[in-house]
Amino acid sequence: MEAADATLIRAGAKGRVGDPFSSPWRRRLPLLPALVVVIAITQLPFLVSIYYSFTNLKDKTQSLIPEPTKFVGFDNYKQIFSDPFFRQAMWTSVKMTVLAVVLSLVFGTLFAMLLDRKFFGQGLIRTLLITPFLLMPVVAALIWKQQMFSSLFGILNKVLTFLGLSSVAFISDHPLGSIVTVLVWQWTPFMMLIMLAGLQSQPADILEAAEVDGASAFGVFRQLTLPHLRRYLELGALLGSIYIIQAFDAVDVMTGGGPGSTNVPYFVYDESIGGGFRYGSASAYAIVVVIASIIIATFSLRVLSGLLKDEDRA
Amino acid sequence: MSERGTQLAVGERRGMRYGLGLLAWIVGALWIFPFAWTAFTSFKNEQDAQAQTLHHGLSFGRYSEVSHSTTGTLSLATAFTNSLVIVLVSTLIVLALAVPAAYALAIRQVPKWRDVLFFFISTKFLPVVASIFPIYVYAEKWNLIGTRQVLIILYIAMNLPLAIWMTRSFFMEVPRELIEAAEIDGTSLINQLRQVILPLAAPGIAATALLCLIFAWNEYFYAIQLNFANASTMPQWVLGNVSTRGNFLAKLSAASTIACLPVILAGWAAQKRMIRGLSMGAIK
């Protein structure tokens, strides 16, 4: 992220040399409104967050005895590393994201392979499969909480009882698993669409040649299809992680941040607007999250850059 | 996403082909089941919904109940209007900003266009929590908490990077020769956009707009943080139908169906182009 910022500033500096209305500047003009808006709404607040993280800022309207905001140095950051709850939230975030991304990629790939062949009702089944991705995340979480998992009227427990098994308190006994289930349900269609695009972009002549050579179905898959799909798997994992790492809706609706299900976004929310109103220390948590994201983003942007280079070559 | 199927499994037998087709049907039925069941429940009465049975027949009763809310609570009409205004205005502004930017990135490329593109997408990696407090503090200072304006502003920032990526990739497909011909004819920039580029990229721009609409319609985090007062949107209305007392499962199902239906229909209609947008044009 910072690398991109830096190069951007450099690019801007070069253009400033000489006549401001020279051709490069006229070319940049259409870009400016979008750039200004994005910087004003995302980058400036982030800089203010960094400043907050070194203060003891609290919401004045929410505290009985408002104390003046003062500079506290690295106190907020020291507190982070001794906070077991934050470490727990980090670990929950990692587990939630990795599980949801990997499972939805696996299911998505399998479903894409099922759909990538002619059969009666192909279009209808694809339409049904993508529907969960279109649902409001809040509604998706509610559906699973109330209709599927609920120990009072959930379908799953009705089925378990019918089969003579004892019922399971899914959400209270397996909060993380319940949330991951909803995320996988919603994100599998997305992965499926990406993998389907990948499968259909395979050059047909090479597959035919393999057939003529008498290659087995499994051999074709392992030696031709899988390497071809690598790029698409990377893209799916990257885009899925961007969104799933910020999952808040499912956590809020399903468990309200109960034990074992508080991920980092929910933790920071709880610390601040959700009730703590300690913006200073919550900002410090947020900055740590940003640093972690930069590490992930650096890796991810490399994947994206590879995709752009491929586009150039084409 | 054409209907063609590649001959993936070489030498596969006929029986296996039918078997895999059947498997696809089973998987499709399983995946839609939770939502289909919810839509079904929305036509039951509360007793049947709770017991997951069907003794009292089906009716639209729950739909009329949730659309006539009691005073003091958020009504469907209010939430729907708020959502509609916020979603439409933010998407229009996003397009107005994204089209010129995409022009500068795809057609008359600025120097270092790849870095600029990276910068836009890198803002999506910035966690929401990293910027929410200053936004909250300043929104409070400027009396914007609980207004439509604050959500419109945030949804513009949320969707703009994606819209620029998508629009750029659709612009890249406009044949160079057409643009060059227009330039030789001395067509002005605005007319070039209006007469040559936009008509060709229109389906792509429509898909972009649709995706922005979907993301904004479904958004909940900002809405609950900055908008708990007068300008609540559809996700908040759905959650308002969860009650701690009495039976609510059928009513909640009806509310869920109402809230999701516009987006589901739009998504079904545009499914073939949506993937292009979601993969940010990296996949053709």
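Calculation notes
- Residues numbered from 1 in each chain as written.
- Chains lettered and ligands numbered in written order.
- Predicted model: local features only at pLDDT ≥ 70, side-chain atom pairs only at ≥ 80, totals over all residues.
- Helix = DSSP H or I, 4+ residues; strand = E, 2+ residues; numbered from the N terminus.
- Buried ≥ 20, exposed ≤ 12 C-beta atoms within 10 Å, placed from the backbone.
- Contact = placed C-beta atoms within 7 Å.
- Nonpolar A, V, L, I, M, F, W, Y, C, P; charged D, E, K, R; others polar.
- Expected span 1.5 Å × (residues − 1).
- Core = buried A, V, L, I, M, F, W, Y, C linked by C-beta atoms within 7 Å.
- pLDDT = per-residue confidence, 0-100.
- Axes fitted to C-alpha atoms, helices over the stretch in contact; angles between N-to-C directions.
- Parallel < 35°, antiparallel > 145°, perpendicular 65-115°, else oblique.
- Left-handed = near helix turned anticlockwise from the far one by under 90°.

### Observations regarding the overall build of chain A
In step 1: Helix and strand counts for chain A come out as 15 helices and zero strands.
In step 2: In chain A, which comprises 314 residues, the share counted as buried stands at 43%.

### Here we look at the overall build of chain B
In step 1: Helix and strand counts for chain B come out as 13 helices and zero strands.
In step 2: In chain B, the order of α-helices and β-strands from amino to carboxyl end is α-α-α-α-α-α-α-α-α-α-α-α-α.

### Considerations on unusual backbone geometry
In step 1: Of note in the backbone geometry, Asn143 of chain B takes a positive phi value of approximately 55° without being a glycine.
In step 2: Structurally, the position occupied by Asn143 of chain B is in the loop between helix 6 (129–141) and helix 7 (148–171).

### Here we look at the interface of chain A and chain B
Many descriptions give the size of an interface as the accessible area lost when the pieces come together.
In step 1: With 93 residues of chain A in contact, the opposing surface of chain B contributes 88 residues.
In step 2: If you tally residues by element for the side of chain A that touches chain B, the top one is helix 15 (residues 279–313) of chain A, at twelve residues.
In step 3: Residue classes in the side of chain A that touches chain B are distributed as 68 nonpolar, 16 polar and nine charged.

### Quick notes on helix 6 of chain B
In step 1: The terminal C-alpha atoms of helix 6 of chain B lie 19 Å apart, and with 13 residues this matches the ideal 18 Å at 1.5 Å per residue to within 8%.
In step 2: Count one or two residues on from helix 6 of chain B and you reach Asn143 of chain B, which has phi positive near 55°.

### A word on the nonpolar core
In step 1: Counting 168 residues, the largest nonpolar core has Val139 and Leu183 of chain A together with Ala98, Leu151 and Leu160 of chain B as the members making the most contacts within it.
In step 2: Residue contributions to this core peak at 17 residues, all from helix 7 of chain B.
In step 3: When near neighbours in sequence (up to four residues on either side) are disregarded, Val139 of chain A contacts Val238, Ser256, Ala259 and Cys260 of chain B.

### A short note on the environment of Phe43 of chain B
All names here are of chain B.
In step 1: Positionally, Phe43 belongs in the loop between helix 1 (14–41) and helix 2 (46–51).
In step 2: The spacing of Phe43 and Phe60 is 17 residues in sequence and 5.7 Å in space, taken between C-alpha atoms.
In step 3: For Phe43, the contacting residues outside a window of four places in its chain are Leu58 and Ser59.

### Let's talk about the confidence of the model for chain B
Detailed reading of the predicted coordinates is not advisable wherever pLDDT is low.
Residues and elements named next belong to chain B.
In step 1: Averaged over every residue, the pLDDT of chain B is 83; the share at 70 or more is 89%.
In step 2: Model confidence for chain B, summarised as mean pLDDT per element, is weakest for helix 13 (residues 271–278) at 68 and strongest for helix 4 (residues 76–106) at 93.
In step 3: The low-confidence segment residues 1–10, where pLDDT is below 50, has 26 contacts with residues more than four positions distant or belonging to other chains.
In step 4: For this predicted complex, the interface confidence score (ipTM) comes to 0.84, while the overall pTM stands at 0.84.

### Remarks on the confidence of the model for chain A
In step 1: In this model, chain A carries an average pLDDT of 82, and 85% of its residues clear a pLDDT of 70 or more.
In step 2: Counting interchain partners and residues more than four positions distant, the pLDDT-below-50 stretch residues 1–21 of chain A has 24 contacts.

### What about the packing of helix 4 of chain B against helix 9 (residues 189–218) of chain B?
Residues and elements named next belong to chain B.
In step 1: Where helix 4 meets helix 9, the closest approach of the two axes is 9 Å, and the angle between their N-to-C directions is 140°. When the axes of helix 4 and helix 9 are compared, the pair comes out oblique. Crossing of helix 4 against helix 9: the hand is right-handed. Where helix 4 approaches helix 9, its residues Ser83, Ile86, Val87, Ser90, Thr91, Val94, Leu95 and Tyr103 are matched on the opposing element by Leu193, Ile205, Ala209, Cys212, Leu213, Ala216 and Trp217.

### Things to note about helix 14 (residues 264–271) of chain A
In step 1: The buried count for helix 14 of chain A comes to seven of eight residues, which makes it a mostly enclosed element.
In step 2: Every buried residue of helix 14 of chain A is accounted for by Val264, Pro265, Tyr266, Phe267, Val268, Tyr269 and Glu271 of chain A.

### Focus: the environment of Pro84 of chain A
Residue and element names in this part refer to chain A.
In step 1: You can see Pro84 is positioned in helix 5 (residues 84–115).
In step 2: Classification of Pro84 as exposed rests on a count of 7 C-beta atoms within 10 Å.
In step 3: For Pro84 and Ala284, which are 200 residues apart along the polypeptide, the C-alpha to C-alpha distance reads 15 Å.

### Quick look at the packing of helix 10 (residues 175–200) of chain A against helix 12 (residues 217–244) of chain A
Residue and element names in this part refer to chain A.
In step 1: The interhelical angle for the contact between helix 10 and helix 12, taken along N-to-C directions, is 150°, at an axis separation of 9 Å. In terms of orientation, helix 10 and helix 12 fall into the roughly antiparallel class. Between helix 10 and helix 12 lies a crossing of right-handed hand. Contacts between helix 10 and helix 12 involve Leu183, Trp187, Met191, Ile194, Met195, Ala197 and Gly198 on the former and, on the latter, His228, Leu229, Tyr232, Leu235, Gly236, Gly240 and Ile244.
In step 2: Taken together, the residues that form the contact of helix 10 with helix 12 break down as ten nonpolar, four polar and no charged.

### Points about the environment of Leu57 of chain A
Residue and element names in this part refer to chain A.
In step 1: Residue placement: Leu57 occurs in the loop between helix 3 (32–52) and helix 4 (75–81).
In step 2: Of the residues examined, Leu57 has 23 C-beta atoms within 10 Å and is grouped as buried.
In step 3: In this structure the C-alpha to C-alpha distance between Leu57 and Val72, which are 15 residues apart in sequence, comes to 9.7 Å.
In step 4: The contacts of Leu57, once residues within four sequence positions are left out, are Tyr52, Thr69, Tyr279 and Gly280.

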